[in-house]
Each structure stands twice: as C-alpha cells, then as structure tokens.
Amino acid sequence: MLPSFRDLRYLLAYSLPLTAAVGLWLGGPWTWLTLLYAFGLVPLLEWLRPLAPTVPGVAAATETKRHAFFDGLLYANVPLQYGLLIFFLFSLKNRDFSPAETIGAVLSVGICCGALGINVAHELGHRTRGWEQRLAQALLISTWYSHFFIEHNRGHHRHVATPLDPVTARLHESFWHFLPRAVLGEYRSAWRLEAERLRRQGQSWAMPGNQMLQFQVVQGLLAGAVGAVFGVAGLLAWLGAAMVGYVLFQLVNYVEHYGLLRRQTSPGHYERVQPHHSWNSEHPLGRILLYELTRHSDHHYQTARPYHTLRHQPASPQMPTGYPGMMLLATVPPLWFRVMNARVPAAVN
C-alpha cells in the first residue's frame, strides 16, 4: 500500500536531524539552529495557529497496523541517529569550535537524542517483533538511556498515574524537583524489575541473562570506543548530548501526566488506565515531530496501536498548546502552576 500525500507530512520529523546536521556543517551560530527551531519556531507556530476540529475515533493516518512507509520512517532513525552522532564527534574533534559553538552543537544534537533516540525507541520498544526491539535498544544505547527499555514497558505502563510511578509528576511538584526523582527512580525501578524477573525464573540477579547488566556492558564498550577515537572531550560531549536528550524526555514525562491520578480500588490496586489519565495535545507540528506521542491517552489506553493509528480520545484532558511549548513552560514552575493547576481538578473529575 502506497502512502497518501497527506501521510508524507510525517517526513517533517526528519527536520530535527536535518537542522542539527546543517548546524554542524555551517558552524558558527548555526550550531544553535535545532534549538531555535524546536523550541522557538515550532512553539510560536503552534501558539499562533488555531486548532482544526478533531474527530474522535479516527486514526491519525492509515488504519493499517503494519505499513511499510510508517515503519520505515522509524527504522531510518537508527542510521540517522548514529550518523549524526559520528558527524557531531568528528566535527568537534577536527574543527576549531568556540565554546558557544560547542554548547550549541551539544544542545542541538541532544534534542535529536531525545526525539530520534528515546522517543523513536519508545515506539519501537512497544513492537512485538524481536528485531524491532533490538533497534529500540540500539537507539537507547546511543543516548545512555537503555534502562528505559525495561522500566517503561514493565513499570511505567503498569503504574502510570499512581504514586508508584517515578515519572508521574505530582500536583504542585515543580519540574526541577521531579527531574532527579524521575531519573533515579526509573534507573532503580529497572534494576528491581529485572531482578524480579530473574527471581521468578529461579535465577540470581547477577546472572548473564540480566538485561541491565548486558546494557551496562554494551554501553561501556561503546563509551570506550568513543573515548579511544575521539578522546575524553568527545566522550564528554556525547554524554552531554545524551543528558540533554533525557532531560527533554523527562520534560515530556512531566507534562504528560502532571497531577493526574488513578482511583485506588483496594490497597495497592488501581482502576484501569483511562483516557483522562494523560494530558494530550492535538497541535499538528508537535504531533508530527514526535510521531504522535502527543496523543498519549490513546497510547496508554491501547498500547499495541502503532503511532500512525492513534486516535483522539475526547475524554482526554487537553493542554493549551503543543508539547514543545508546554515543555518550555514547565521549566518555569510559577508559570506552569498558574496555567496548569486550575486545569487539573477538571481533568481528574
């Protein structure tokens, strides 16, 4: 089945790595291009452009679950992500970048680590075919975020919108308090979940089958290779870009579930995840750049749906603008609380 002309809009997701590559190629202030594009132009356009009416129950694109075009868009992010990282490291090593150029390059590539690396890995990690899950793991290794593969599917989707979930932000909790709790909580949860899996099989957590141990070994080998070829400076630049990526993804986590809680039915048990347990945005640019992540309610409600088949859930609480704008707002807690706190009780009720 060939994609429709309307489906081609998802090619716009590649504008993020394109702007990063252009910035590295041109140098100078252009190294800041991706940051200005993703968190300057896109939020401005989403704020200025009125939303078109959305029809509930209609897929974002094609209804076909397996579609070569939409799957191929995801798969291509693996060579794009690694190619961009190599170009980034070679540029830093072989060109006389100023400190301002280096910071711009780290931030721009870091945005791609979040969008291409973690976000696309999130989508592929929900697929059932083993080789697609290996692609997800490869992307997460490129962002120093491999534990997400374990914690997200087995932890977050089980405990979302409850106090047991480290990446569900609490009402009145600022992003800067949420960030260390979420980062450390995800990592500890991944170790605990893997240890529990092995214990059910009668094995020790220290066995070679422990995926967390495997991920640390692979991450260490890749870090050693980067350090050997590009030196300590290159290794630190890659780590810096990865840190930008997972801070941005924690911003996404923060805005997706802020203040929303499921009803406890009995001690330790909660109602089934419903569409009103996730914040959503129908603003088109953020939807496309993030492969429909902003239709988050339908993703939690029907986890097996690929991104292009996600639907608008009318019961889901809607954010006043797109994800990029809301992520910016979340970095300024007084403004975030002023905009969002009044919306939370209506969303919960």
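Here is what the cut-offs are and how they apply
- Residues numbered from 1 in each chain as written.
- Predicted model: local features only at pLDDT ≥ 70, side-chain atom pairs only at ≥ 80, totals over all residues.
- Heavy atoms only, no water.
- Helix = DSSP H or I, 4+ residues; strand = E, 2+ residues; numbered from the N terminus.
- Rg over C-alpha atoms; globule rule 2.2 N^0.38 Å.
- Buried < 20%, exposed > 50% of the residue type's maximum accessible area, 1.4 Å probe, protein only.
- Contact = heavy atoms within 4.5 Å.
- Areas by Shrake-Rupley, 256 points an atom, 1.4 Å probe, with all protein chains shown as cover.
- Lys, Arg positive; Asp, Glu negative; His and termini not counted.
- Charge placed at Lys NZ, Arg CZ, Asp CG, Glu CD.
- UniProt positions renumbered as here; feature names shortened; annotations may be inferred.
- Patch = residues over 30% accessible without salt bridge, like charges linked within 9 Å, V, L, I, M, F, W, Y side chains within 5 Å.
- Salt bridge = Lys/Arg side-chain N within 4 Å of Asp/Glu carboxyl O.
- Phe/Tyr/Trp six-rings, centres within 6.5 Å; stacked < 30°, edge-to-face > 60°.
- Axes fitted to C-alpha atoms, helices over the stretch in contact; angles between N-to-C directions.
- Parallel < 35°, antiparallel > 145°, perpendicular 65-115°, else oblique.
- Nonpolar A, V, L, I, M, F, W, Y, C, P; charged D, E, K, R; others polar.

## Thoughts on the overall build of the protein chain
Item 1. Across its full length, the protein chain carries 14 helices and two strands.
Item 2. Since a compact globule built from 349 residues should have a radius of gyration of about 20 Å, the 20 Å found for the protein chain is in line with a globular shape.
Item 3. Its C-alpha atoms put the protein chain at 60 × 55 × 50 Å along the principal axes.
Item 4. The burial tally for the protein chain puts 54% of its 349 residues in the buried class.
Item 5. Put simply, 73% of the contacts in the protein chain that link residues at least 6 apart link residues at least 24 apart.
Item 6. For the protein chain, the exposed area adds up to about 15,400 Å²; of that, 68% sits on carbon and sulfur atoms.
Item 7. Here the protein chain contributes 28 positive and 19 negative side-chain charges, whose respective centroids are spaced 4 Å apart.

## Describing the UniProt feature "transmembrane region" (unreviewed entry) in the protein chain
Item 1. Sites flagged by UniProt as "transmembrane region" (unreviewed entry) map to residues 68-90, 102-121 and 221-249.
Item 2. Secondary structure within residues 221-249 divides into 100% helix and 0% strand; the distance between the first and last C-alpha atoms comes to 25 Å.

## With respect to a nonpolar patch on the surface
Item 1. Where nonpolar side chains cluster on the molecular surface, the patch consists of L18, V22, W25, L26 and W30 and spans about 560 Å² of accessible area.
Item 2. Positionally, W25 belongs in helix α1 (residues 15-26).

## What to know about the environment of A52
Item 1. Secondary-structure assignment places A52 in the loop between α2 (33-48) and α3 (68-75).
Item 2. Residue A52 is classed as exposed on the basis of its relative accessible area, which comes to 56%.
Item 3. On a C-alpha basis, the gap between A52 and M243 in space is 35 Å, while along the polypeptide they are 191 residues apart.

## Side note on the side chain of E292
Item 1. As for its position among the elements, E292 is in the loop between α10 (284-289) and α11 (296-301).
Item 2. Discounting chain neighbours no more than four positions away, the residues touching E292 are R9, Y10, A60, R287, Y307 and L310.

## Some remarks on the packing of aromatic side chains
Item 1. Using the criterion set out here, one finds 21 aromatic pairs in the structure.
Item 2. Geometrically, the ring pair formed by Y145 and F148 is stacked, given 5.5 Å between the ring centres and 25° between the ring planes. By the burial criterion, Y145 is buried, and F148 matches it.
Item 3. What links up through ring pairs into an aromatic cluster is the set F175, W176, F178, Y254, Y258 and W336.

## With respect to the packing of helix α12 (residues 323-330) against helix α13 (residues 333-340)
For any two helices packed against each other, the geometry comes down to the angle between their axes and how far apart the axes lie.
Item 1. It is the contact of α12 with α13, at a shortest axis distance of 7 Å, that shows an interaxial angle of 125°. Our classification of the angle between α12 and α13 gives oblique. Between α12, through M326, L329 and A330, and α13, the contact on the second element is made entirely by P333, L335, W336, V339 and M340.
Item 2. Classifying every residue of the contact of α12 with α13 by side-chain character gives eight nonpolar, no polar and no charged.

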